[in-house]
2 protein chains.
Amino acid sequence: MKTDERMIAFGKRIRDVRRSKGISQEVLAEMADIDRSYMGNIERGEKNVTLKKAYDICDALDIDIKDLV
Amino acid sequence: MKTDERMIAFGKRIRDVRRSKGISQEVLAEMADIDRSYMGNIERGEKNVTLKKAYDICDALDIDIKDLV
DNA sequence: ATGTGACTTACAGTCCGTG
DNA sequence: TCACGGACTGTAAGTCACA
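Residues numbered from 1 in each chain as written. Chains lettered and ligands numbered in written order. Predicted model: local features only at pLDDT ≥ 70, side-chain atom pairs only at ≥ 80, totals over all residues. Heavy atoms only, no water.

Enquirer: Just give me the short version of the protein's contact with DNA strand C, but keep the residues and values in it.
Expert: Near DNA strand C lie 22 residues; those nearest to it are Gln 25 and Arg 36 of chain A together with Arg 36, Tyr 38 and Thr 50 of chain B. Here DNA strand C approaches the protein such that, of its atoms within 4 Å, sugar and phosphate make up 55%. Ser 37 of chain B has a polar side-chain atom sitting 3.2 Å from a base nitrogen of DNA strand C. Tyr 38 of chain B places a polar side-chain atom, nitrogen or oxygen, 2.6 Å from a phosphate oxygen of DNA strand C. Taken together, the elements giving at least two residues each to the surface near DNA strand C come down to helix H1 (3–20), helix H2 (25–31) and helix H3 (36–43) of chain A together with helix H3 (36–43) of chain B. (Near = heavy atom within 4 Å. Polar contact = N/O pair within 3.5 Å; in protein donor to acceptor, adjacent residues only side chain to side chain. Helix = DSSP H or I, 4+ residues; strand = E, 2+ residues; numbered from the N terminus.)

Enquirer: Outline the state of the cysteines, listing residues and values.
Expert: Evaluation of the coordinates by the stated rule reveals zero disulfides over all chains. Left unpaired, Cys 58 of chain A is separated from the closest cysteine sulfur, that of Cys 58 of chain B, by 15 Å. (Disulfide = S-S within 2.5 Å.)

Enquirer: Go over H1 of chain A, please, and point to the residues and values.
Expert: Residues and elements named next belong to chain A. Given a rise of 1.5 Å per residue, 18 residues ought to cover 26 Å, and the 26 Å separating the end C-alpha atoms of H1 matches this to within 8%. Considered for burial, the residues of H1 that qualify are Thr 3, Arg 6, Met 7, Ala 9, Phe 10, Gly 11, Ile 14, Val 17 and Arg 18. Just downstream of H1 lies Gly 22, where phi reads positive at about 70°. (Expected span 1.5 Å × (residues − 1). Buried < 20%, exposed > 50% of the residue type's maximum accessible area, 1.4 Å probe, protein only.)

Enquirer: Can you break down the relation of the copies chain B and chain A residue by residue, with the values?
Expert: Superposition of chain B onto chain A requires a rotation of 180° combined with a translation of 0.2 Å along the rotation axis, giving an RMSD of 0.2 Å. The superposition of one copy onto the other is thereby described by a two-fold rotation axis. Measuring from the rotation axis to each C-alpha of chain B, the shortest distance belongs to Thr 50 of chain B, at 2.0 Å. (Least-squares fit on C-alpha atoms with pLDDT ≥ 70 in both.)

Enquirer: How would you explain the side chain of Asn 41 of chain B if you had to name every residue and give the values?
Expert: Tracing the sequence through the fold places Asn 41 of chain B in helix H3. What Asn 41 of chain B contacts, discounting residues up to four positions off in sequence, is Glu 46 and Lys 47 of chain B. (Contact = heavy atoms within 4.5 Å.)

Enquirer: Describe the protein's contact with DNA strand D, listing the residues and the values that go with them.
Expert: Around DNA strand D, a shell composed of 19 residues is seen, among which Ser 37, Tyr 38 and Lys 53 of chain A together with Arg 15 and Gln 25 of chain B lie nearest. The share of sugar and phosphate among atoms of DNA strand D within 4 Å of the protein is 73%. One nitrogen or oxygen atom from the side chain of Arg 15 of chain B is found 2.8 Å from a phosphate oxygen belonging to DNA strand D. Contacts to DNA strand D include Arg 18 of chain B, whose side-chain N or O atom sits 3.0 Å from a phosphate oxygen. If you list the elements that add at least two residues to the surface near DNA strand D, you get H3 of chain A together with helix H1 (3–20), helix H2 (25–31) and H3 of chain B.

Enquirer: Please provide a residue-by-residue account of the nonpolar core, values included.
Expert: Nonpolar side chains tend to gather and get buried jointly when the protein is soluble and globular. The biggest cluster of nonpolar side chains holds 42 residues, and the ones touching the most others in it are Phe 10 and Leu 51 of chain A together with Phe 10 and Leu 51 of chain B. Counting residues per element, the ones that place at least two in this core are H1, H2, H3 and helix H4 (51–61) of chain A together with H1, H2, H3 and helix H4 (51–61) of chain B. (Core = buried A, V, L, I, M, F, W, Y, C linked by side-chain atoms within 4.5 Å.)

Here you go:
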């Protein structure tokens, strides 16, 4: 699997988990202390987030990062 | 677990795997196409790597990223 | 509720050298 | 073989307005 594909898959998993919890991008963004538009970029796999950000998002979603990467 | 601690643990795991394979920091850096001094920073948990770089390192170490995060 | 573009600032990441 | 430094360059981080 190529790196770009992995980024997109990563974003998709965030979106899936978020939707399964029934919360909006906006709310999740606020929970993870991330700008709403930036969260959109991440979910679309357009941004190459740092590990710290990835951990922040996992904390907000209350899941293990292993389930996201 | 705090984010900084996670970064340090992440770096330690890289170092452990690398040593178990008997290769130097410099060689791993070359394999992962990362600067040698930067690889040192990562192993010490001093740098907040991007997901792409994390994937690159995993590929070089031939391990799953789940075993690193 | 989300996508997108334009923008600035912070820091990821490189390159070269030293002990 | 690795830690650490300085000086860079590229891009992630972060904010906003508009559709």
